[in-house]
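Chain residues, written in single-letter form:
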Amino acid sequence: MFIATQYRRKRFQSNEKELKNLEEITLDRDEKGEILPTIQNFYRFCGHGRLMALKCIECEKLLIPPRIICPQCSSHKFKWIQLSGKGKLRTFSFIHIAPKQFSSQAPYIIGIVKLEEGLSLSGRIIVDKDVKLEIGMDLIVEFEDVVSAGWPQWPRYYFRLAKVIEQ
Ligand SMILES: [Zn+2]
């Protein structure tokens, strides 16, 4: 059996206090100590193994990745919430001709995932070569262990199959 699910669960169960300390060091905050709704903070949360969205305080719309203004009500008051990281594959395509920084990794798969919380997020889909992807497959977010050389210089997220298919 594949052990990645257990591995992930373990990571998400890590001590809240420990995470808080890490975030205090790395997250950008305003003068009141609120965590700023920036893309940098989004990736820093990824670096702590957390997929986070912004929730508009006025209209409760969820945003991922973050924006400065709510597209639904123009508010700029948000709070960060942690997402489950689970979703279903909505669409995908194989990238054969990639931007320069990813060309060594081509061909690779980019997809759009409908997350459990109702919002959609695009990202890399990483599966074994013999896996045939299908719309509606259950996926789960993971985070790179290595820091990328280019921007954002924080671990990126990607999606993998939630369950490994028995061959
Ligand atoms: Zn709003």
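None of the values given here were measured: they were computed from a predicted structure.

> Give me the overall build of the protein chain: which residues, what numbers.
Counting its regular elements, the protein chain contains 3 helices and 8 strands. Secondary structure elements of the protein chain, listed N to C terminal, follow the sequence α-α-α-β-β-β-β-β-β-β-β. In the protein chain, which comprises 167 residues, the proportion classed as buried is 17%. In the protein chain, the share of contacts with a sequence separation of at least 24, taken over all contacts with a separation of at least 6, comes to 49%.

> Outline the sheet that holds strand E2 (residues 62-63), supporting the account with residue identities and numerical values.
If you trace the 3 strands from one edge of the open sheet to the other, you get E2-E1-E3, paired in antiparallel fashion. The open sheet is flanked by E2 and strand E3 (78-82), the only strands paired with a single partner. Judged from the 5 bridges that link them, strand E1 (residues 52-56) and E3 form a sheet pairing that is antiparallel. Bridging from a neighbouring strand, alanine 53 pairs with isoleucine 81 of E3.

> Which residues make up the nonpolar core, and what values go with them?
It is characteristic of soluble globular proteins that their nonpolar side chains tend to be buried jointly. Formed by 19 residues in total, the largest nonpolar core has its most connected members in Phe42, Met52, Leu89, Val113, Leu139 and Phe159. Every element with two or more residues in this core is listed here: helix H3 (39-47), E1, strand E5 (108-115), strand E6 (120-125) and strand E7 (138-143). Ranked by residue count, the leading element in this core is E1, at 4 residues. Two domains each provide a minimum of three residues to this core, namely domain 1 (2-82) and domain 2 (86-165). In this structure leucine 89 touches Gly111, Val113, Leu133, Ile135, Gly136, Met137 and Leu139, once residues within four positions along its chain are discounted.

> Now, about the confidence of the model for the protein chain: what can you tell me, with residues and values included?
A residue-level look at the protein chain finds 78% of positions with pLDDT of 70 or above and a mean pLDDT of 84. When the criterion is pLDDT under 50, residues 1-15 qualifies, and its contacts beyond four places in sequence or with other chains add up to 5 contacts.

> I'd like to hear about the pairing of strand E4 (residues 86-95), residue by residue, with values.
Inspection of the sheet shows E4 paired to E7 by 3 bridges, in the antiparallel sense. Directly across from lysine 86, in E7, lies its bridge partner isoleucine 140. Pairing of E4 with E5 involves 8 bridges; the strand directions are antiparallel. Bridge pairing in E5 places glycine 87 opposite leucine 115.

> Account for the environment of glutamate 144, with residues named and values stated.
Residue placement: glutamate 144 occurs in the loop between E7 and strand E8 (157-161). When the C-alpha atoms of glutamate 144 and proline 155 are compared, they prove to be 5.1 Å apart, with 11 residues separating the residues in sequence. Dropping the residues within four chain positions of it, glutamate 144 is found in contact with Pro155, Arg156 and Tyr158.

Cut-offs used in this document
- Sequence positions are assigned chain by chain, starting from 1 and proceeding in written order.
- Selection of residues for local features in this predicted model requires a pLDDT of at least 70, selection of side-chain atom pairs for listing and counting requires 80 or more, and totals for whole chains, interfaces and linings are taken over all residues.
- Here a helix means four or more residues in a row that DSSP labels H or I, a strand means two or more in a row labelled E, and each is numbered from the N terminus.
- With C-beta atoms placed from the backbone, a residue is labelled by how many other C-beta atoms lie within 10 Å of its own: buried for 20 or more, exposed for 12 or fewer, partly exposed between the two.
- Residues are defined as contacting one another if the C-beta atoms placed from their backbone atoms lie within 7 Å.
- Strands are labelled as partners when DSSP assigns at least two bridges between them.
- Note on terminology: a nonpolar core is any set of buried Ala, Val, Leu, Ile, Met, Phe, Trp, Tyr and Cys residues joined through C-beta atoms within 7 Å.
- The split of the chain into domains comes from an automatic or database domain assignment.
- Known as pLDDT, the predictor's per-residue confidence is scaled from 0 to 100.

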